[in-house]
Amino acid sequence: MATVIKATSMCMGKRVGDSSIELAARAAKDCIEKSSVNMHDIEVLINVGVCRDKNIIEPAMASLIQQKVGLNLDPTEECIEAGKGTFSFDVLNGSCGFLTAAKVVDALIRNGRIDTALITASDVHPSGKQMPDFPFTHSGAAILMGRENSGENGFKKIMIETSKSGGIGLKAYCDVSAHNNRARGAGRVDVEADYGERLQQFTLSMISEYIDLKVLNLSCIKLIIVSQPSPDFASSLSGLFGFDENSVLNVYERYGDTNSSAPIIGYHIATEENLIKESEKILIISGGAGLSAATGMYQV
Amino acid sequence: MKSRFESIGVYTPQRIVSTKELMRNIDCQLDLERITGIKNRRHRTISEDSFSMALAAAQDCLSNSRYNACDLDLIINTSITRFKAPLTFIIDPPMSLFLKRELGAKRSMNFDIANACAGMMTGAFVLDNMIKAGFVENGMVVSGECITPVCDTALLEIKEKIDPQFASLTVGDAGAAFILDKSPDANIGIDVIELLTFAEYADLCFGMPSDNNPGVAMYTDALQIHAVSLFKLPIYLEKVIKKHGLNWDAYDYAIPHQTAVKAIKMGIEAIGEHFEKKLEEIPEVLISVDEYGNTASTAIIVALYKALKENRFKENSQVVFIALSSGMVLGFILAMIGNLKVKQ
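Caption draft 1: Spatial organisation of the packing of aromatic side chains. If you walk through the whole model with that rule in mind, you get 15 aromatic pairs over all chains. Summarising the aromatic geometry, the rings of Phe98 of chain A and Phe155 of chain A are spaced 6.3 Å apart at their centres and angled 55 degrees between planes, so their arrangement reads as tilted. Remark: Phe155 of chain A occurs in strand S6 (residues 154-162) and Phe98 of chain A occurs in helix H4 (residues 97-110); sequence separation between them is 57 residues. A relative accessible area of 1% means that Phe98 of chain A is categorised as buried. Take Phe155 of chain A: its relative accessible area is 3%, and that puts it in the buried class. For the pair Phe5 of chain B and Phe321 of chain B, a centre-to-centre distance of 5.6 Å together with 50 degrees between the ring planes defines the contact as tilted. Highlighted residues: Phe5 of chain B in strand S1 (residues 3-11) and Phe321 of chain B in strand S15 (residues 317-325), separated in sequence by 316 residues. No difference in accessibility class separates Phe5 of chain B from Phe321 of chain B, as the two residues are buried. Through successive ring pairs, a cluster of aromatic residues spans Phe98, Phe155, Tyr267 and Tyr298 of chain A. Here the guanidinium or amino end of Lys84 of chain B rests over the ring plane of Phe51 of chain B, the centre of that ring lying 4.3 Å away. Above the plane of the ring of Phe98 of chain B lies Lys84 of chain B, whose end atom (NZ or CZ) is 5.8 Å from the centre.

Take a look at the structure:
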């Protein structure tokens, strides 16, 4: 029994008039359409986007995305009796959000609690505009995950770590009282000067720890998909642990830092461009504020 | 294997604000206490925030637990309001990271969950499944709600009795936490968690910065939320009981999300009517909203804690927790609570 990826999609922003909910929902609809999954069979929707339209604190962004997608909006008595309905919520763990949500979905599937889940991600500045000092490219992505009853495919151990000391590296926030009546469109991202370097080192130490767990044989890894907090984060992994530069997918060159969407966009590109085939193994790596880092091996 | 509520903790600010005192600040003829049954709520001091209240609740929970912070495998923060004083909304990193460091939970994984007032119930759903899947042995779900700033905004902005910010006058500040672990007793623990999002109604309540003043506001179509929940909760509960083969008569207590005394009473009456039960045949309803207001995601745990503190809770009681929040999220956690104690 395994938790496998059924379909992916992505949606880039227009730079003005963007919305995290809209980008996530468009990616979600496209993802569902491309798959063989009946949308009414999606039991859980988890949103891992960090930014929130208009700095909404409630409801969950996931419920607004669910509404936009039109996913089991108002289950009738008969639907509930038949087990048709969707539970949605946000899982917030910065750029490690996707791997965190994948771990949650894996638990739900292993327990037989669900068969199908949708994870969405998106990051748009609360104003809807691509602000010059906002480090994330407006983007959204979606990934459908489900149960596969046999075989070696799917996610293997997902590890998530945070640094025990030192600065958090990056802080995204909104001082609500400092913007008069315009805090809905306000948000800042402060980045410490040594964030990139420290994050790189911390991520490398996490990968070493993961290798020591003997979950994977490095020589079997076909492709590494990496989150993109800086231009050289992906390329910095080349040459280390035996990874060559052709085995590291560099999404930054095409799209910049797509933050919470990065791992899903990376996987999407890998499948669209036939960079990975069934039974091949990939390593997904994320790193971000905290400092936090996550990794997991996936057999296609 | 079941997970169980191993310990709980709560923090409420010292300052009590009565409804009478609150309504002296508003130019509107409204008998809020009569309509809601809320006599008092707690307001934070200006130096308190979501983080400090979550931390205090977590520390209280650990003081009632056999675990130390360094034993925890997972910390999930489910605060709606992720504010650091005075009113800075922290978007990233998640608040659970700061809690983990301050508590000294060195080996713990962490993340936040956002699901409005159903946050802690969602946290229980996720943690229960992580334990059952063998990913963790235990974990803490914690929430700190610095929510009375929405009331401050409402007092400035409400002009008429029927106003979308009316519900903001019912809130109170609090922190709450619980630890789940593997139950050593096959009878004690969480039997069922069923939660659904009726996203048709996702826009009935929004919390966001005000567009009139420098603060945060909550806009609620309270009448519609009440109508939807009165209609759907009894039907959903009936399906849950049927699906899991439960005996409704075996339940001792019901702890619903704490909105207002009258609303809770109407909800329970609707459930009673649906199941053709008299009120005395329905599980005893535990409330805290009369003294603490609607403390958002912490409300159900605040009500449980209050009952334990008052020694109203028999050991090995069967409890149904009723989740109701914007989204709209509706659902139930049915559990046998074993020997859960809080310090007196």
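Caption draft 2: Structural view of helix H1 (residues 20-34) of chain A. Residues and elements named next belong to chain A. Helix length check: H1, at 15 residues, gives a terminal C-alpha distance of 21 Å against a target of 21 Å (1.5 Å per residue), a fit within 8%. When H1 is considered as a whole, its buried residues turn out to be Ser20, Ile21, Leu23, Ala24, Ala25, Ala27, Ala28, Cys31 and Ile32. For H1, the secondary structure elements touched by its buried residues are strand S1 (2-12), helix H2 (61-69), strand S4 (116-123) and strand S5 (139-148). At the N-terminal boundary of H1, the capping side chain belongs to Ser19, with an oxygen 3.2 Å from the backbone nitrogen of Ile21.

Caption draft 3: Summary view of the pairing of strand S9 (residues 174-182) of chain B. Residue and element names in this part refer to chain B. For S9, the tally of buried residues reaches 8 of 9 residues, placing the bulk of the element in the interior. Across 8 bridges, S1 lies against S9 in antiparallel orientation. Looking across to S9, one finds that Ser3 is bridged to Lys182. Two elements, strand S8 (residues 138-145) and S9, share 8 bridges in a ladder whose sense is antiparallel. Across the sheet, residue Gly139 finds its bridge partner in S9, namely Leu180.

Caption draft 4: Quick peek at the nonpolar core. Core analysis: the largest hydrophobic core is formed by 94 residues, its most contacted members being Leu283 of chain A together with Leu169 and Phe332 of chain B. Aside from chain neighbours lying at most four places away, what touches Leu283 of chain A is Tyr210, Leu216, Ile221, Leu223, Ile224, Ile225, Phe243, Thr295, Gly296 and Met297 of chain A. Core analysis: the next-biggest nonpolar cluster, separate from the first, contains 93 residues, Leu99, Phe155 and Ile282 of chain A together with Ile255 of chain B among them.

Caption draft 5: Quick look at the packing of helix H7 (residues 222-244) of chain B against helix H8 (residues 261-274) of chain B. Residue and element names in this part refer to chain B. Following both chains from N to C, one finds H7 and H8 inclined at 40 degrees, their axes separated by 9 Å at the closest point. One way to sum up the angle between H7 and H8 is to call them oblique. Note on packing geometry: the crossing formed by H7 with H8 is right-handed. Contacts from His226, Leu230, Pro234, Ile235, Leu237 and Glu238 of H7 reach H8 at Ala263, Met266, Gly267, Ala270, Ile271 and His274. The residue inventory of the contact of H7 with H8, partitioned by class, reads 8 nonpolar, 3 polar and 1 charged.

How each quantity is defined
Per chain, residue numbering runs from 1 following the sequence as it is written. Labels are handed out in written order, letters beginning with A for the chains and numbers beginning with 1 for the ligands. Where local features are concerned, this predicted model is filtered to residues with pLDDT of at least 70; where side-chain atom pairs are given and counted, the filter is 80 or more; whole-chain, interface and lining totals use all residues. Computation of side-chain values: all heavy atoms of the structure, hydrogens and water removed. Classification of ring pairs uses Phe, Tyr and Trp, with its six-membered ring standing for Trp, and accepts pairs whose centres are within 6.5 Å; under 30 degrees between planes counts as stacked, over 60 as edge-to-face, and the remaining range as tilted. We count a stretch as a helix when DSSP gives it H or I for four or more residues in a row; a strand needs E for two or more, and each element gets its number in order from the N terminus. Relative accessibility under 20% of the residue-type maximum defines a buried residue, over 50% an exposed one, and the middle range a partly exposed one, all with a 1.4 Å probe and only protein chains included. Two conditions define a charge located above a ring, namely a distance within 6 Å from the ring centre to NZ of Lys or CZ of Arg, and an angle within 35 degrees of the ring normal. Helix span is expected to be 1.5 Å times the residue number reduced by one. Two residues form a contact once any of their heavy atoms are found within 4.5 Å. Any pair of nitrogen or oxygen atoms within 3.5 Å is treated as a polar contact; in protein, a donor-acceptor pairing is required on top of that, and neighbouring residues in sequence qualify only through side-chain atoms on both sides. Here a strand pair is declared whenever DSSP counts at least two bridges between the two strands. Among the buried residues, those of types Ala, Val, Leu, Ile, Met, Phe, Trp, Tyr and Cys that are joined through side-chain atoms within 4.5 Å form a nonpolar core. Axes here refer to lines fitted to C-alpha atoms; in helices the fit is confined to the stretch in contact. Angles between the N-to-C directions go from 0 to 180 degrees. Every angle not falling under 35 degrees, over 145, or within 65 to 115 is termed oblique; those three ranges are roughly parallel, roughly antiparallel and roughly perpendicular. Definitions for this section: a left-handed crossing has its near helix turned counterclockwise from the far helix by less than a right angle. A right-handed crossing has that turn clockwise. Classification convention: Asp, Glu, Lys, Arg as charged; Ala, Val, Leu, Ile, Met, Phe, Trp, Tyr, Cys, Pro as nonpolar; all other residues, Gly among them, as polar.

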